[in-house]
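Here is what each chain is made of, one letter per residue.
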Amino acid sequence: MPSLQGKTLLVTGASSGIGRALCELLVERGVKVLGVTRHPAALSEEVLPIEADLTRREEVSAIFQGLGKIDGLVNCAGVAYLSRILDGTPADWEEMWRVNVMALALCCQLSLKHFPAGGGRIVNLCSMSGHRVPPSGGFYAPTKFAVRAITEALRSELKAAGLPIQVACVSPGYVDTPLLDQYFRGREDALSQTRAAMKMLDPEDVAWAILGILEAPAHVEIADILMRSSGQMM
Ligand SMILES: NC(=O)c1ccc[n+]([C@@H]2O[C@H](COP(=O)([O-])OP(=O)(O)OC[C@H]3O[C@@H](n4cnc5c(N)ncnc54)[C@H](OP(=O)(O)O)[C@@H]3O)[C@@H](O)[C@H]2O)c1
């Protein structure tokens, strides 16, 4: 397994949940971690802050201005609202689309010229909601279907261009992070019931899966990891 010691990785969503747990694992492994966030004070120690609001395209571009070489990019930033197609708020759809889809795709594109000639790895946070549509999940699932499609499109394009950069997804079910408070906004009773019904995944569980992709031997290209709490039904 190739060591990550001494490598440089760029992680979005580094201030919270899965991204924050991943940053801590990477720092322990001697990785130089550049963490993208709107709240630099919330980053773990030793993570180098890059402040950006990912809803703003110019701020996404600014992340890469003057950025040196990176060996990996992990797109963890995400927004989730239970916002139905039937009656959801378009502003919520737009924020989810900008962060979960547009910013992720742009970070993938802009990162490519920062990889060394030998290549590297990109990991995109998808979701089980990128594989099936939960009945009450509204506009969130469409954004995660897009993440899966972008990942697959980029993979094909990289092969066609002969670039040795690998791209993968990780697709978790419920993970106990602040994102769920946002997702169940106004339906706190449903969140309490869901928490009572199962031991959800911890952010560290997902961080370990991402680490497995980043540390896989160079000839092993992992496409996606689907993972759920053993207590989650679908
Ligand atoms: N939790 C789950 O159940 C679950 C399940 C499946 C997939 N996922 C996916 O996993 C990823 C991480 O989720 P999480 O649960 O770890 O969420 P989280 O704890 O709520 O963290 C979300 C991260 O996204 C960043 N972010 C959100 N909007 C941003 C913006 N406009 N500009 C810059 N950064 C922004 C936040 O950074 P700042 O606020 O500091 O800027 C924060 O670091 C997301 O893509 C999510 O869709 C989560």
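Look above for the structure.
Residues numbered from 1 in each chain as written. Predicted model: local features only at pLDDT ≥ 70, side-chain atom pairs only at ≥ 80, totals over all residues. Heavy atoms only, no water.

### Some thoughts on the site of the ligand
Okay, step 1: Among the 31 residues in the neighbourhood of the ligand, the closest are listed as S15, S16, T37, Y140 and T177.
Okay, step 2: Side-chain polar atom of D53 to a nitrogen atom of the ligand: 3.0 Å apart, as the coordinates give it.
Okay, step 3: L179 is positioned with one of its backbone polar atoms (N or O) 3.2 Å from an oxygen atom of the ligand.
Okay, step 4: When the ligand sits alone it has 880 Å² of accessible area, and the protein chains cover 94% of it.
Okay, step 5: Of all elements in the fold, only α1 (17–28), α4 (140–161) and α5 (178–183) reach the threshold of two or more residues within the shell around the ligand. (Near = heavy atom within 4 Å. Polar contact = N/O pair within 3.5 Å; in protein donor to acceptor, adjacent residues only side chain to side chain. Areas by Shrake-Rupley, 256 points an atom, 1.4 Å probe, with all protein chains shown as cover. Helix = DSSP H or I, 4+ residues; strand = E, 2+ residues; numbered from the N terminus.)

### Looking at the pattern of salt bridges
A side chain with one charge may pair with a side chain of the opposite charge, provided their charged atoms come close.
Okay, step 1: Scanning all chains against the criterion turns up twelve salt bridges.
Okay, step 2: In this structure, R155 engages E221 in a salt bridge whose closest nitrogen and oxygen atoms are separated by 3.4 Å. Residue R155 is located in helix α4, and its partner E221 is located in the loop between α7 (203–214) and β7 (224–227); the two are separated by 66 residues in the primary sequence.
Okay, step 3: With a relative accessible area of 25%, E221 lands in the partly exposed category.
Okay, step 4: In this structure, K159 engages E221 in a salt bridge whose closest nitrogen and oxygen atoms are separated by 3.0 Å. Of this pair, K159 sits in helix α4 while E221 is found in the loop between α7 and β7, placing the two residues 62 residues apart along the sequence.
Okay, step 5: One salt-bridge network, in which partners are shared between bridges, spans E28, R29 and E215. (Salt bridge = Lys/Arg side-chain N within 4 Å of Asp/Glu carboxyl O. Buried < 20%, exposed > 50% of the residue type's maximum accessible area, 1.4 Å probe, protein only.)

### Quick look at the nonpolar core
Okay, step 1: Ranked by internal contacts, the top residues of the largest apolar core, which has 43 residues, are L10, I63 and I122.
Okay, step 2: The set of elements that each furnish at least two residues to this core consists of β2 (32–37), α2 (57–64), α3 (90–111), α4, β6 (165–172), α5 and α6 (188–197).
Okay, step 3: No other element matches α3, which puts eight residues into this core.
Okay, step 4: With 31 residues, the next largest nonpolar core counts V33, V47, V175 and A209 among its residues. (Core = buried A, V, L, I, M, F, W, Y, C linked by side-chain atoms within 4.5 Å.)

### Remarks on the sheet that holds strand β1 (residues 8–12)
Pairing between the strands of a sheet comes from backbone hydrogen bonds, and it takes one of two forms, parallel or antiparallel.
Okay, step 1: With parallel pairing, seven strands are arranged side by side in an open sheet as β3-β2-β1-β4-β5-β6-β7. Only two strands of the sheet have a single partner each, and these edge strands are β3 (48–51) and β7. Strand-to-strand twist across the sheet, computed as the mean angle between neighbouring axes with direction ignored, equals 15°.
Okay, step 2: With five bridges joining them, β1 and β2 adopt parallel strand pairing. Looking at β2, one finds that V11 is bridged to G35.
Okay, step 3: Here α3 sits on the sheet and contacts β1, β4 (72–75) and β5 (120–125); the angle it forms with β4, its principal contact strand, is near 175°. (Pairing = 2+ DSSP bridges. Axes fitted to C-alpha atoms, helices over the stretch in contact; angles between N-to-C directions. Contact = heavy atoms within 4.5 Å.)

### Overview of the packing of aromatic side chains
Okay, step 1: Within this structure, the stated rule accounts for five aromatic pairs.
Okay, step 2: Both rings, one in W93 and one in F139, keep their centres 5.1 Å apart while their planes meet at 10°; by these two values the pair is stacked. One end of the pair, W93, is in helix α3; the other, F139, is in the loop between β5 and α4, and 46 residues separate them in sequence.
Okay, step 3: For F139, a relative accessible area of 17% puts it in the buried group.
Okay, step 4: Between Y183 and F184, the aromatic rings sit 5.3 Å apart at their centres with planes inclined by 90°, giving edge-to-face as the arrangement. Both residues of the pair, Y183 and F184, count as buried.
Okay, step 5: Against the face of F145 rests R148, its NZ or CZ located 5.6 Å from the ring centre. (Phe/Tyr/Trp six-rings, centres within 6.5 Å; stacked < 30°, edge-to-face > 60°. Lys NZ or Arg CZ within 6 Å of the ring centre and 35° of its normal.)

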